[in-house]
Amino acid sequence: MQVVVPFAAETPKTRLESVLSPVERSTVARAMLTDVVSALVETGHEPTVLSTASLADANGPGLSSLPAAVTVDDRPLTEAVNARLPTTVGETVAVVMADLALATPTALERLFSADADVVIAPGRGGGTNALVVRHPSFRVDYHGASYLDHVRIAREVGASCVSIDSFRLSTDIDEPGDLVEVLLHGDGQAAATLEELGFGLEIDEGRVAVSRSGGVRRQ
Ligand SMILES: Nc1nc2c(ncn2[C@@H]2O[C@H](COP(=O)(O)OP(=O)(O)OP(=O)(O)O)[C@@H](O)[C@H]2O)c(=O)[nH]1
Ligand SMILES: C[C@H](OP(=O)(O)O)C(=O)O
């Protein structure tokens with residue numbers, strides 16, 4: 001099975017612009033990529049990062065030892081991923097997004113071992129955080145309610161399709177509120193990077209929040 005990890009290398013995580021500078025967004029994105037790749041390697045796979053640009057050039061911290069091959073493809077996400085999907089029966093390709101900072105080998109194994117032509121780990125808010133494709137006619141269409149689109153596309157090409165219920169794989173880190181989950185449940189580079197940048201938990205009566213300086217640091 002090939003495992004592809006799409007990565008927007010140049011201006012990642014724009015939806016975090018209210019809390020992180022461009023350089024910080026790049027640093028956090030690269031820390032999350034490192035965590036995802038490390039979890040995939042622990043499952044015994046050899047992931048390929050499908051990056052919009054070279055990671056050696058505009059290098060951020062921590063990528064010199066990334067345990068993955070990097071392929072540069074500057075086409076838009078959907079096109080770049082579709083170019084990597086199976087074209088023959090018997091081929092399997094997994095697509096795991098680089099912003100799944102809570103991904104663990106156990107959660108990924110559940111995704112990989114589910115039995116269907118198309119296995120989807122939905123993201124909160126309608127996205128598709130991870131996919132396994134075992135059907136030569138299935139193609140992706142990211143953005144918007146891509147989860148619904150992918151269920152429909154699977155049906156249209158006659159592929160069996162299941163979605164898996166995983167808190168860890170459903171939590172992609174897109175918006176400031178998502179940083180809470182990294183500090184609550186993450187134990188990799190992404191969580192460490194956020195702490196280095198001064199983020200901590202704000203624990204009150206309602207939902208836990210994050211703030212920069214002043215929040216509670218993890219032990
Ligand atoms: N190869 C490739 N990966 C992409 C592209 N756009 C997004 N990604 C990756 O796809 C995953 C989901 O990305 P999004 O959350 O939609 O986009 P993002 O660039 O990370 O963040 P925003 O700028 O806030 O939308 C992440 O792993 C991104 O790094 C693209 O055009 N090409
Ligand atoms: C790529 C996109 O990611 P989101 O914008 O939902 O994080 C999707 O899953 O369709």
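About the thresholds
Residues numbered from 1 in each chain as written. Chains lettered and ligands numbered in written order. Predicted model: local features only at pLDDT ≥ 70, side-chain atom pairs only at ≥ 80, totals over all residues. Heavy atoms only, no water. Near = heavy atom within 4 Å. Polar contact = N/O pair within 3.5 Å; in protein donor to acceptor, adjacent residues only side chain to side chain. Areas by Shrake-Rupley, 256 points an atom, 1.4 Å probe, with all protein chains shown as cover. Nonpolar A, V, L, I, M, F, W, Y, C, P; charged D, E, K, R; others polar. Core = buried A, V, L, I, M, F, W, Y, C linked by side-chain atoms within 4.5 Å. Buried < 20%, exposed > 50% of the residue type's maximum accessible area, 1.4 Å probe, protein only. Helix = DSSP H or I, 4+ residues; strand = E, 2+ residues; numbered from the N terminus. Contact = heavy atoms within 4.5 Å. Axes fitted to C-alpha atoms, helices over the stretch in contact; angles between N-to-C directions. Parallel < 35°, antiparallel > 145°, perpendicular 65-115°, else oblique. Left-handed = near helix turned anticlockwise from the far one by under 90°. Pairing = 2+ DSSP bridges. Salt bridge = Lys/Arg side-chain N within 4 Å of Asp/Glu carboxyl O.

Close to ligand 1 lie 15 residues; Ala8, Thr14, Arg15, Leu50 and Ala98 are nearest. Contact distances for ligand 1 include 2.9 Å between an oxygen atom and a backbone N or O atom of Pro6. In the model, an oxygen atom of ligand 1 is placed 2.6 Å from a nitrogen or oxygen of the Thr14 side chain. The fraction of the free accessible surface of ligand 1 (620 Å²) that becomes covered by protein chains is 84%. When the residues that make up the shell around ligand 1 are grouped by side-chain class, the tally is 8 nonpolar, 3 polar and 4 charged.

To continue, consider the nonpolar core. Counting residues in each nonpolar core, the largest one holds 51 residues, and the members touching the most others are Leu33, Val96, Leu111, Phe112, Leu131, Phe138 and Leu169. No other element matches the 6 residues that helix H1 (residues 22-42) contributes to this core. Apart from residues lying up to four places away in sequence, Leu169 is in contact with Leu100, Ala103, Ala107, Leu108, Leu111, Ala121, Pro122, Asn129 and Ile164. Counting 16 residues, the second-largest nonpolar core is a separate cluster that includes Met32, Ile173, Leu179 and Val182.

Before going further, it helps to examine the packing of H1 against helix H3 (residues 105-113). Where H1 meets H3, the closest approach of the two axes is 9 Å, and the angle between their N-to-C directions is 65°. In terms of orientation, H1 and H3 fall into the roughly perpendicular class. The handedness of the crossing between H1 and H3 comes out as right-handed. Across from Ala39, Leu40 and Glu42 in H1, the residues of H3 making contact are Pro105, Leu108 and Phe112. Residues that form the contact of H1 with H3 fall into these classes: 5 nonpolar, no polar and 1 charged.

On to the sheet that holds strand S1 (residues 2-7). Spatially, S3-S2-S1-S4-S6-S5-S7 is the arrangement adopted by the 7 strands of the open sheet, whose pairing is mixed. This sheet does not close on itself; its edge strands, each paired only once, are strand S3 (69-72) and strand S7 (161-163). Recorded for the sheet is a direction-independent mean angle of 20° between the axes of neighbouring strands. Judged from the 4 bridges that link them, strand S2 (residues 48-51) and S3 form a sheet pairing that is parallel. Directly across from Thr48, in S3, lies its bridge partner Ala69. Contacting S1, S2 and strand S4 (93-96), H1 crosses the sheet at an angle of about 175° to S1. Of the strands in this sheet, strand S5 (118-122), strand S6 (128-133) and S7 touch helix H4 (residues 146-156), which is tilted by about 170° from S5.

Under the criterion given, the structure shown has 8 salt bridges. With its nearest N and O atoms 2.9 Å apart, the salt bridge here joins Asp99 to Lys13. One end of the pair, Asp99, is in the loop between S4 and H3; the other, Lys13, is in the loop between S1 and H1, and 86 residues separate them in sequence. Neither Asp99 nor Lys13 differs from the other in exposure class; each is buried. Between Asp174 and Lys13 there is a salt bridge whose closest N-O contact spans 3.1 Å. Placement of Asp174 in the loop between helix H5 (167-170) and helix H6 (179-185) and of Lys13 in the loop between S1 and H1 is noted, with a sequence separation of 161 residues between them. According to the relative accessible area criterion, Lys13 is buried, its value standing at 17%. Bridged by salt links that share partners, the residues Lys13, Arg15, Asp99 and Asp174 form one connected network.

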